[in-house]
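# Residue-level structure breakdown
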Amino acid sequence: IGNLSSLKDLRLYTNQLTGSIPETIGNLSSLEILRLYSNQLTGSIPETIGNLSSLTQLHLYNNQLTGSIPDAIGNLSSLTILYLYQNQLTGSIPETIGNLSSLTHLYLYKNELTGLIPESIGNLSSLTNLSLSSNQLTGSIPIEIGKLVNLERLYLSNNQLTGSIPETIGNLSSLKLLRLDTNQLTGSIPETICTLNLTWGNQDGGDISTIYNNQLCPSFPDILYPTCVAEYMGTQAGCSYEQYDGE
């Protein structure tokens, strides 16, 4: 397949393809769209994928891919859509992901990714949808996330994130959905979160934002949760007193 140097669009999705993605895929220098999703592909994403400098869409989701996301992914400067979700990818999210300045959709959810959310994620100024849910990510939410002013949906739930919610979350003026539930977030919730036009709730579904199942206990019993989230805090581990919104 690596001989098809004039190929612009390769769609082999929703088949029963097995085996690994060939290294020769990197020879398809004219390729703009690559869709191999919903197969039974195994092995790792080849480093040679970074040679596809014309690529705008990369859909590898819903396979059985393992190994780490290659650093060479950061060479795909024309990429607008990167869908690697529902695989078995391990390792950390590469810092080079921050080079993808044209990216609008980044979906890495339902993998086995570890390590920190890279600070370079703040460079993705075109991003509208970011989903890192259902991995094993640790560390804090980087303050650089506040640079993503075009972001409409941010999914960080079901990880092992710690630290406090950054004040810069309030800069995400385009945000319609924020999922922070089921982590280990601590500290007080910034009031800036209430400047966002979000609909909060106690369970996933639709355009409902969530914050329950963390460790967001105020320092003192008389410190109130921000009004917009107070009714939707649900279970917060380690809180020795109930919180009210003051109404």
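Above this text you will find the structure in question.
Below: a short report on this structure. (Residues numbered from 1 in each chain as written. Predicted model: local features only at pLDDT ≥ 70, side-chain atom pairs only at ≥ 80, totals over all residues. Heavy atoms only, no water.)

The next subject is the nonpolar core. Core analysis: the largest hydrophobic core is formed by 61 residues, its most contacted members being Leu58, Leu82, Leu106, Leu130 and Leu154. Once residues within four sequence positions are removed from consideration, Leu58 is found in contact with Leu34, Ile49, Ile73, Leu76, Leu79, Ile81, Leu82 and Tyr83. If you look at the next biggest cluster of nonpolar residues, it comprises six residues, including Tyr37, Ile81, Tyr83 and Tyr107. (Core = buried A, V, L, I, M, F, W, Y, C linked by side-chain atoms within 4.5 Å. Buried < 20%, exposed > 50% of the residue type's maximum accessible area, 1.4 Å probe, protein only. Contact = heavy atoms within 4.5 Å.)

When glycine is set aside, most residues are seen to have a negative phi, and most peptide bonds are trans. The residue Ser38 is not glycine, and still its phi comes out positive at about 55°. Secondary-structure assignment places Ser38 in the loop between strand S2 (33-35) and strand S3 (57-59). In this model, Asn62 sits at a positive phi of 60°, which is unusual for a non-glycine residue. (Helix = DSSP H or I, 4+ residues; strand = E, 2+ residues; numbered from the N terminus.)

What follows covers the state of the cysteines. Here the structure, examined in full by the defined rule, presents one disulfide. Two residues share a disulfide in this structure: Cys194 and Cys228, whose sulfurs sit 2.1 Å from each other. On the sign convention where negative is left-handed, the bridge of Cys194 and Cys228, at about -85° about the S-S bond, is left-handed. Of this pair, Cys194 sits in the segment after strand S8 (177-179) while Cys228 sits in the segment after S8, and the two are 34 residues apart along the sequence. We classify Cys228 as partly exposed; its relative accessible area is 23%. (Disulfide = S-S within 2.5 Å.)

To continue, consider the environment of Ile69. Mapping Ile69 onto the fold places it in the loop between S3 and strand S4 (81-83). Residues Ile69 and Leu84, 15 residues apart in the sequence, show an inter-C-alpha distance of 9.0 Å. If near-sequence neighbours (up to four positions away) are discounted, Ile69 is found in contact with Leu84, Leu89, Thr90, Pro94, Leu108 and Leu113.

Summed over the entire model, instances satisfying the criterion amount to nine aromatic pairs. Relative to Tyr85, the ring of Tyr83 has its centre 5.6 Å away and its plane inclined at 65°; by these criteria the two rings are edge-to-face. What makes Tyr83 buried here is its relative accessible area of 14%. Tyr85 gets classed as buried once you look at its relative accessible area, which sits at 10%. A connected cluster of aromatic rings, assembled from ring pairs, spans Tyr13, Tyr37, Tyr61, Tyr83, Tyr85, Tyr107 and Tyr109. (Phe/Tyr/Trp six-rings, centres within 6.5 Å; stacked < 30°, edge-to-face > 60°.)

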